[in-house]
Amino acid sequence: PDVRACIAAGEVIDSPADCVKELVENSLDASAKRIEVEIVKGGKRYIRVKDDGTGIPPEDLPLVVLEGATSKIRRLEDLMHTTTYGFRGEALHAISKVSRMVISSRYFSEDVGREMRIEGGQVKEITQRGMGIGTQVEVFDLFYNLPVRQKFLKKEDTERNRITKLIKLYAMARPDVAFRLISEGKELLALPPAHHIAHRLQEIYNMPFETFERESNGVKVRLSVSVGNKTGEVFLVVNGRPVYNKNLLEYIRRHVGYRKVCLCEVEIPPFLLDVNVHPKKREVRFLKESLVKDLIKESVTRRVYLPYT
Ligand code: ADP
Ligand code: MG
């Protein structure tokens, strides 16, 4: 096997959670409304991500695992626009290099689906398959050909917890999409589509949430804060993407309280963001951070309660 290519692929995908993230983002990019994730042994043995998205055109199916294969051409500057999560055509290629993979897909205008078997990056077989519209990606034995990487994977529980957290995070970013997580045959999460973010949060945390919103100069901030107290947790979603910003998260914590669960959603024109960091990292910087902070502070202190139906 091409060791260098394998190692490069292992750098793009370094854990089962990483793999799940890429597959879930692909499903969201394909306009899925229902995403099901199944894992065995924390994803080390098996990962399956199934969606009801647009599917892959049959003629494109063999191409999706090629290096740089993407149907989402756009400019780097658009990275933080609410268009697509992926754009580099790297993920499926990287995963296919370090696993045994089966991709099944039925394109929305086709009567039948196709199933493609890939091993170590090579397409082995494509056959017809009866299935609903959408795509299912199965990943067997991640890093089977990179024993060193495999050895350094975290414990099964740790990987499973990471994947659970990840699905919750995407579920917060996309309350309109149904998510399901199954581990060793047991259902860990079953989140129906929610019409309001507070409903989604309530499903995830089993407690009521209040939502406060402020808007100014084209920047919108929506805070959803748990009514009861719990071990504090704060999440940030910017333009529909889960992101990380240490400074802002701490600012939110300080204002809503350290024992609250809080989701802060920001909608902001992309030119006010600096995403000039490694595309894999969730780090984001705001060019007008003080404006965002003011909106957060105002929404907490004035508590403009938005009723919803
Ligand atoms: P990227 O997301 O950066 O385009 P990926 O390697 O993640 O690259 O995926 C390659 C291509 O495979 C995508 O551009 C898309 O055309 C197709 N694809 C992957 N997953 C799905 C899916 N779940 N539904 C439809 N198309 C998909
Ligand atoms: Mg992708």
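Reading the values: the criteria
Residues numbered from 1 in each chain as written. Chains lettered and ligands numbered in written order. Predicted model: local features only at pLDDT ≥ 70, side-chain atom pairs only at ≥ 80, totals over all residues. Heavy atoms only, no water. Phe/Tyr/Trp six-rings, centres within 6.5 Å; stacked < 30°, edge-to-face > 60°. Buried < 20%, exposed > 50% of the residue type's maximum accessible area, 1.4 Å probe, protein only. Lys NZ or Arg CZ within 6 Å of the ring centre and 35° of its normal. Core = buried A, V, L, I, M, F, W, Y, C linked by side-chain atoms within 4.5 Å. Helix = DSSP H or I, 4+ residues; strand = E, 2+ residues; numbered from the N terminus. Domains from an automatic or database assignment. Contact = heavy atoms within 4.5 Å. Pairing = 2+ DSSP bridges. 1 Å grid on protein atoms, 1.4 Å probe; cavity = no way out; pocket = protein on both sides within 12 Å on 5 of 7 lines; lining within 4 Å. Points joined across faces, edges and corners; volume = space filled by probe spheres on them. Nonpolar A, V, L, I, M, F, W, Y, C, P; charged D, E, K, R; others polar. Polar contact = N/O pair within 3.5 Å; in protein donor to acceptor, adjacent residues only side chain to side chain.

Colleague: What exactly am I supposed to notice about the packing of aromatic side chains here?
Modeller: Given two aromatic rings, their pairing is described by the distance between the two centres and the angle made by the two planes. One pass over the structure, following the stated rule, counts 3 aromatic pairs. Where Tyr-107 meets Phe-108, the ring centres are 4.6 Å apart and the plane angle is 50°; that geometry is what we call tilted. A relative accessible area of 22% means that Tyr-107 is categorised as partly exposed. The aromatic ring of Phe-143 is capped on one face by Arg-149, whose charged end is 5.6 Å from the ring centroid.

Colleague: Looking at this structure, I do not really get the nonpolar core. What am I missing?
Modeller: Buried together is how nonpolar side chains tend to be arranged in soluble globular proteins. Core analysis: the largest hydrophobic core is formed by 57 residues, its most contacted members being Val-24, Ile-103 and Phe-179. It is helix α5 (residues 156-173) that provides the largest number of residues to this core, a total of 8 residues. Built from parts of two domains, this core gets at least three residues from each of domain 1 (3-191) and domain 2 (199-302). Excluding residues that lie within four positions of it along the chain, Ile-103 makes contacts with Ile-56, Leu-61, Val-64, Val-65, Leu-92, Arg-114, Glu-115, Met-116, Ile-118, Thr-135, Gln-136 and Val-137.

Colleague: Looking at this model, I keep getting lost on the pairing of strand β11 (residues 233-238). Mind explaining?
Modeller: Taken residue by residue, a regular strand's side chains alternate between the two faces of the sheet. Among the 6 residues in β11, 5 count as buried, and that is most of the element. Sheet topology note: the β11/strand β13 (residues 261-267) ladder contains 6 bridges and is parallel. Looking at β13, one finds that Phe-235 is bridged to Leu-263. Taken together, the 3 bridges between β11 and strand β12 (residues 241-243) define a ladder with antiparallel strand orientation. Bridging across to β12, Leu-236 finds its partner in Val-243. In this structure, the hairpin formed by β11 and β12 is closed by a connection of 2 residues, where Asn-239 is found at a positive phi of approximately 50°.

Colleague: Sorry, what's going on with the layout of surface pockets here?
Modeller: Leftover empty space is mapped by rolling, across the atoms, a probe with the size of a water molecule. Looking at the second largest pocket, its volume works out to about 440 Å³. Taken together, 19 residues make up the lining of the second largest pocket; nearest its centre are Asn-161, Arg-162, Lys-165, Leu-166 and Leu-169. Contributions of two or more residues to the lining of the second largest pocket are made by α2 (16-29), α5 and β11. A breakdown of the residues in the lining of the second largest pocket according to their chemical character gives 6 nonpolar, 3 polar and 10 charged. Split by domain, the residues of the lining of the second largest pocket number at least three in each of domain 1 (3-191) and domain 2 (199-302).

Colleague: Sorry if this is basic, but what is going on with the environment of Pro-193 here?
Modeller: When you line up the elements, Pro-193 lands in the loop between β8 (186-191) and α6 (197-205). Residue class for Pro-193 comes out partly exposed when judged on its relative accessible area of 41%. Taking the C-alpha atoms as reference points, Pro-193 and Asp-176, 17 residues apart in sequence, are found 4.8 Å from one another. When residues no more than four places from it in sequence are discounted, the contact partners of Pro-193 are Arg-34, Pro-175, Asp-176, Val-177, Ala-178 and Arg-200.

Colleague: Where do I start with the side chain of Ser-104 in this structure?
Modeller: Residue placement: Ser-104 occurs in strand β3 (residues 100-106). Accessibility expressed as a relative area gives 0% for Ser-104, which makes it buried. Within the local environment of Ser-104, its side chain forms a polar contact with the side chain of Arg-129, the two groups lying 3.0 Å apart. Those residues within four positions of Ser-104 in sequence are excluded, and the remaining contacts are Arg-114, Glu-115, Arg-129, Met-131, Gly-134, Thr-135 and Gln-136.

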